[in-house]
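The residues making up each chain are set out below.
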Amino acid sequence: MKLLRPMGEICCNVGCNVSAFVPSRTTLLSHRKRIHASGEQLKRKALTTRTFYRLQSAVATADKECTGNVLNILRERGLLDACTSEGSLSEATQKPVRVYCGFDPTADSLHLGNLLGIVVLSWFQRCGHTPVVLLGGATGSIGDPSGKSVERPLLETKIIQSNTLKIGQNLEEVLGRESKYPPPLVMNNLDWFADMSFLDFLRNVGRYARVGTMITRDSVKTRLDSESGMSFTEFSYQLLQGYDFMHLFQNHEVTVQIGGSDQWGNIVAGSDLIRRTVAKDSVFGLTFPLLLKADGKKFGKSEDGAIWLSSERLSPFKFYQYLLNTKDEDVLRLMKMLTFLPLNEIETYSKLMNSKNYVQNSAQVRLAEEVTRFVHGEVGLQKAITATKGLLPGSDTELDIDVLESLIDVVPTAICARTDIIGIPIVDVAVKVGLRKSKAEVRRMIDGGGVRINNKKVLDVSTCISPEELIAGRMLLISMGKKNKFLIQVQS
């Protein structure tokens, strides 16, 4: 036996003509990377009341493109914390602009806390603007002190390079899935910092910085007042990020930088640098709030750690399940911030949650579907839904080979020889694969009705596994209680 897995708004404001914003596809593809078009979207399920069916039917045919000023959309959805020269920015975004958000490769995947930045980029994108993803291949070797009480550990160059590649691929996939929107531009700041000497940096950047202003940044003041203090390396980070903005402005016509509220000081540093060196007032900074729960704790953390966006780090099923477990006091706010559902639909959920006809967790189901689809695509969402159905307890849950295969990365799995399974008592098999430590314990569970094979209750302790119980002749699911499940793949 080979053990594979251990136990264990649309906003209706006037002034945003999307069709006028979006350049032709031919023009875009002439100088940008070709992106992946998403497959045909499938019909959504899981809502069962008549009200919800009418709601879904209307949304299924609705066009979710931006039909209002992007700043108004962000404000109405709780995604606008602060911005520089709001009136001028609102006017500037009446025409296509390029807007960037930076991501340092501190891990090989982004996590749910990073999703707000991607969502805000996507809102700009849906309003006809070009999203620019800046990977911190250079700045990641230093570490942003914003929001940190101690200095980040330095990563090896090879790890940073690997992380940068994986994060870039993930972001390009998410933001490039819809071919009707301007495709993302993915860049790496190592491309312009790699050949820059320290003296060049001091001459071209340092001379324009004012230490007094740098010290007043919140990210700096907090660290200077702490016991650990702040190194010169971290202190210089805001200059590096500031130069990123200047480089992107001068070489790639990027005029807007976005980031979390803790990035305000770094963003302003970039705007100031551009004004001092190029004497332009046509650049803007915008921040969005951090993703928090109603209790003030960060959203995106579980008992097992971060909720990763990459399917290599966390399966779409587990990502979906985390969102499915969102508390009622958080779900409506997260629907506004993390999905592209029209606000009037979210308001309908708000009303239904306070009515007698509300189907428990329907809002959570919709949140999980929309966010999982955005991050993992329609294929990833369907895998998550299929796996979720397969794990539902009771004999009413139908199992087929597609359902069982969707569970391979979800539940503990083992590969067994046919002779080790067929004709062998379930008591022996359960102990052999590690579901229980002793046969006596398995027998007690059978007597108590707690053991199932392919969701069918085992009634006799002497029951042996028959060939007919192998779905598609090669897989079966053993359940011990409501939560402990084990998948067995049988070799010929």
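Since the model is a prediction, treat every value here as computed from it, not as a measurement.

Engineer: For this particular structure, what's the right way to read the overall build of the chain?
Structural biologist: Within the chain, the regular secondary structure consists of 21 helices and 14 strands. Buried positions account for 52% of the 492 residues belonging to the chain.

Engineer: Quick question: what am I supposed to make of helix H14 (residues 264-277) here?
Structural biologist: Compared with the 20 Å implied by 1.5 Å per residue over 14 residues, the 20 Å span of H14 between its first and last C-alpha is a close match. Looking at the buried residues of H14, the elements they touch are helix H13 (237-252), strand E6 (254-260) and strand E7 (284-288).

Engineer: Please clarify how the packing of aromatic side chains should be interpreted in this entry.
Structural biologist: Here a ring pair, both rings aromatic, is described through the centre-centre distance and the interplanar angle of the planes. All chains considered together, the criterion is met by five aromatic pairs. With 5.5 Å between their ring centres and 50° between their planes, Phe 193 and Tyr 243 make a pair best called tilted. Pair noted here: Phe 193 is in helix H8 (residues 190-193) and Tyr 243 is in helix H13, with a separation of 50 residues, a long-range link. Take Phe 193: its relative accessible area is 11%, and that puts it in the buried class. In textbook terms, an aromatic cluster arises when at least three aromatic residues are bridged by ring pairs, as seen for Trp 123, Phe 340 and Phe 374.

Engineer: Any chance you could explain the pattern of salt bridges here in plain terms?
Structural biologist: Pairing between side chains of opposite charge can happen when the charged atoms of each approach one another. One pass over the structure, following the stated rule, counts 13 salt bridges. With a shortest N-O distance of 1.8 Å, Glu 86 and Arg 75 are connected by a salt bridge. Of this pair, Glu 86 sits in helix H5 (residues 86-92) while Arg 75 is found in helix H4 (residues 70-76), placing the two residues 11 residues apart along the sequence. A single salt-bridge network, built from bridges that share partners, covers Glu 345, Arg 366, Glu 370, Arg 373 and Glu 378.

Engineer: I keep staring at helix H7 (residues 157-175) and nothing clicks. Help me out?
Structural biologist: Because each turn of an α-helix spans 3.6 residues, side chains separated by three or four positions end up pointing in the same direction. Across its 19 residues, H7 extends 27 Å between first and last C-alpha, which sits within 8% of the 27 Å expected from 1.5 Å per residue. For H7, the full list of buried residues reads Ile 160, Asn 163, Thr 164, Ile 167, Gly 168, Asn 170, Leu 171, Glu 172, Val 174 and Leu 175. On its buried face, H7 sits against strand E3 (98-103), helix H6 (115-126), strand E4 (130-135), strand E5 (185-188) and helix H18 (362-390).

Engineer: Explanation requested: the nonpolar core in the structure shown.
Structural biologist: A general trend in soluble globular proteins is that nonpolar side chains are found buried together. With 70 residues, the main nonpolar core has Leu 74, Leu 112, Leu 115, Ile 118, Ile 258, Leu 286 and Phe 319 as its most contacted residues. Residue contributions to this core peak at 10 residues, all from H18. Not counting chain neighbours up to four residues away, the residues in contact with Leu 115 comprise Leu 309, Leu 338, Val 371, Phe 374 and Val 375. Counting 29 residues, the second-largest nonpolar core is a separate cluster that includes Met 214, Leu 240, Phe 249 and Val 254.

Engineer: Any chance you could explain the packing of H13 against H14 here in plain terms?
Structural biologist: Axes are the key here: two packed helices are described by the angle between their axes and the distance separating the axes. The contact between H13 and H14 brings their axes to 8 Å, and the two run at 55°. Taken together, the axes of H13 and H14 lie oblique to each other. For the pair H13 and H14, the crossing hand works out as right-handed. Contact with H13, carried on its side by Tyr 237, Gln 238, Gln 241, Gly 242, Tyr 243, Phe 245, Met 246 and Phe 249, involves Asn 266, Ile 267, Ala 269, Gly 270, Ser 271, Leu 273, Ile 274 and Thr 277 of H14 and no other residues of that element. In the contact of H13 with H14, the residues fall into nine nonpolar, seven polar and no charged.

Engineer: How should the side chain of Gln 125 be read in this particular structure?
Structural biologist: Here Gln 125 lies in helix H6. Beyond its immediate sequence surroundings of up to four residues, Gln 125 is in contact with Pro 131, Leu 175, Tyr 181, Pro 182, Pro 183 and Pro 184.

Engineer: Quick question: what am I supposed to make of unusual backbone geometry here?
Structural biologist: Among all residues save glycine, negative phi is the norm, and among peptide bonds the norm is trans. Phi at Glu 253 takes a positive value of approximately 60°, unusual for a residue other than glycine. Inspection of the secondary structure assignment puts Glu 253 in the loop between H13 and E6. Accessibility expressed as a relative area gives 62% for Glu 253, which makes it exposed. For Asn 455, which is not glycine, the phi torsion reads 70° and is therefore positive.

Engineer: Explain the environment of Ile 346 here, please?
Structural biologist: Along the polypeptide, Ile 346 turns up in helix H17 (residues 343-353). Spatially, the C-alpha atoms of Ile 346 and Arg 333 are 9.1 Å apart, while their sequence positions differ by 13 residues.

Engineer: Please explain the pairing of strand E13 (residues 475-480) as it appears in this structure.
Structural biologist: Strand residues, when the strand is regular, have side chains that alternate between the two faces of the sheet. The buried count for E13 comes to six of six residues, which makes it a mostly enclosed element. Residues Met 475, Leu 477 and Ser 479 line one face of E13 and the alternating positions Leu 476, Ile 478 and Met 480 line the opposite face, and both faces are buried. Looking at chain direction, strand E11 (residues 451-453) and E13 are connected through three bridges and run antiparallel. Its bridge partner being in E13, Val 451 is matched across the sheet by Met 480. Direction of pairing for E13 relative to strand E14 (residues 484-491): antiparallel, over a ladder of six bridges. Along E14, the bridge assignment pairs Leu 477 with Leu 487.

Engineer: Help me out: how do you make sense of the packing of H6 against H18 in this one?
Structural biologist: One way to put it is that H6 packs onto H18 with a least axis distance of 12 Å and a crossing angle of 85°. It follows from the interaxial angle that H6 and H18 lie roughly perpendicular. Between H6 and H18, the residues in contact are Leu 115, Ile 118, Val 119, Ser 122 and Arg 126 and Val 371, Phe 374 and Val 375, respectively. Here the contact of H6 with H18 is built from residues that sort into six nonpolar, one polar and one charged.

Engineer: What's the story with the confidence of the model for the chain in this structure? I'm lost.
Structural biologist: A low pLDDT means the predicted coordinates there should not be read in detail. Here the chain shows a mean pLDDT of 81. Residues at 70 or above account for 82%. Within the model, the stretch residues 6-64 combines pLDDT values under 50 with 128 contacts to residues more than four positions away or in other chains.

Engineer: Would you mind going over the pairing of E14 with me for this structure?
Structural biologist: The element E14 is largely enclosed, with a buried count of six among its eight residues. Bridging between strand E10 (residues 413-417) and E14 involves five bridges; their strand directions are parallel. The residue bridging Ala 417 from the neighbouring strand is Gln 491, located in E14. In textbook terms, the turn of a hairpin is the stretch between consecutive antiparallel strands, and for E13 and E14 this stretch comprises three residues, one of which, Gly 481, has a positive phi near 80°.

Engineer: Got a minute to help me understand the sheet that holds E4 in this structure?
Structural biologist: In a beta sheet, neighbouring strands are held together by backbone hydrogen bonds and run either parallel or antiparallel to one another. Taken together, six strands build an open sheet; the order of strands is E2-E7-E6-E3-E4-E5 and the sheet is mixed. Edge positions in the sheet fall to strand E2 (82-83) and E5, since each has one partner strand and no second. Along the sheet face, H7 touches E3, E4 and E5 and points at about 165° away from the line of E4. Sitting on the sheet, H13 touches E3, E4, E5, E6 and E7, and the angle it makes with E6 is about 150°.

What counts, and where the lines are drawn
Residues numbered from 1 in each chain as written. Predicted model: local features only at pLDDT ≥ 70, side-chain atom pairs only at ≥ 80, totals over all residues. Heavy atoms only, no water. Helix = DSSP H or I, 4+ residues; strand = E, 2+ residues; numbered from the N terminus. Buried < 20%, exposed > 50% of the residue type's maximum accessible area, 1.4 Å probe, protein only. Expected span 1.5 Å × (residues − 1). Contact = heavy atoms within 4.5 Å. Phe/Tyr/Trp six-rings, centres within 6.5 Å; stacked < 30°, edge-to-face > 60°. Salt bridge = Lys/Arg side-chain N within 4 Å of Asp/Glu carboxyl O. Core = buried A, V, L, I, M, F, W, Y, C linked by side-chain atoms within 4.5 Å. Axes fitted to C-alpha atoms, helices over the stretch in contact; angles between N-to-C directions. Parallel < 35°, antiparallel > 145°, perpendicular 65-115°, else oblique. Left-handed = near helix turned anticlockwise from the far one by under 90°. Nonpolar A, V, L, I, M, F, W, Y, C, P; charged D, E, K, R; others polar. Pairing = 2+ DSSP bridges. pLDDT = per-residue confidence, 0-100.

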